[in-house]
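# Observations on the model geometry
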Amino acid sequence: FGQVSEEREVDKIAASMKEARTCMSYSSFQILAQGISFRQQFWHLLQPVRSRLENSQQYSIAQKLEGILASISQGLFLNPSASAEDILVLVHTLIEDGVTMEFEEQKAYESNKQTVGLVQASTSRAAPNLATKRKEVNQHFLTAFALRVLSYGLKH
């Protein structure tokens, strides 16, 4: 995600260096998800991705993180320590977090909208910006990850 990642995206470097042509970090996350103890360490594997999603404002970084989540989901089902119950708890937790956050944002937006309406009615000045800053802009990536895990689990 840093300087090395930006350098790899330059076409000249990618064409001239064999190492820069492919990205093995996604495979690394798949191997980690496959080999860790699910109950004790899975949330530690997911935490850096979650925190990076919370702080990321760039779409290109969010796409890379989505690729990491896809690799984690592939490795998750190859993990012998991940039971069906553990996976369902993971899916429930991630979806519940996303839904709860969406409800909180909706309430904050409606509250802000009503406050702005009262201010606008009492003064003739233009209303302040109604857009509220989202706590987690990319929460939908985690919800999509949870749904992907659920879908794959139901199929297999």
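Given the structure is predicted, the values throughout are model-derived calculations rather than measurements.

About the criteria used
- Residues numbered from 1 in each chain as written.
- Predicted model: local features only at pLDDT ≥ 70, side-chain atom pairs only at ≥ 80, totals over all residues.
- Heavy atoms only, no water.
- Core = buried A, V, L, I, M, F, W, Y, C linked by side-chain atoms within 4.5 Å.
- Buried < 20%, exposed > 50% of the residue type's maximum accessible area, 1.4 Å probe, protein only.
- Helix = DSSP H or I, 4+ residues; strand = E, 2+ residues; numbered from the N terminus.
- Contact = heavy atoms within 4.5 Å.
- Phe/Tyr/Trp six-rings, centres within 6.5 Å; stacked < 30°, edge-to-face > 60°.

### Notes on the nonpolar core
Residues F42, L46, L69, I72, L76, L90 and F145 are the most contacted members of the largest nonpolar core, which totals 25 residues. When residues of this core are traced back to their parent elements, those giving at least two are α4 (38-55), α5 (59-76), α6 (84-122) and α7 (139-155). With seven residues, α5 is the largest single contributor of residues to this core. Not counting residues up to four positions away in its chain, the partners in contact with L46 are L69, I72, L90, L94 and F145.

### A word on the packing of aromatic side chains
Inspection of every chain in the model, using the stated rule, returns three aromatic pairs. Between F38 and F42, the aromatic rings sit 4.9 Å apart at their centres with planes inclined by 25°, giving stacked as the arrangement. With F38 and F42 both in helix α4 and four residues apart, this pair spans about one turn of that helix. Taken together, a centroid distance of 4.6 Å and an interplanar angle of 55° make the contact between F77 and Y152 tilted. Highlighted residues: F77 in the loop between α5 and α6 and Y152 in helix α7, separated in sequence by 75 residues. Residue F77 is classed as partly exposed on the basis of its relative accessible area of 26%. The structure contains a cluster of three or more aromatic residues connected by ring pairs, namely F38, F42 and W43.

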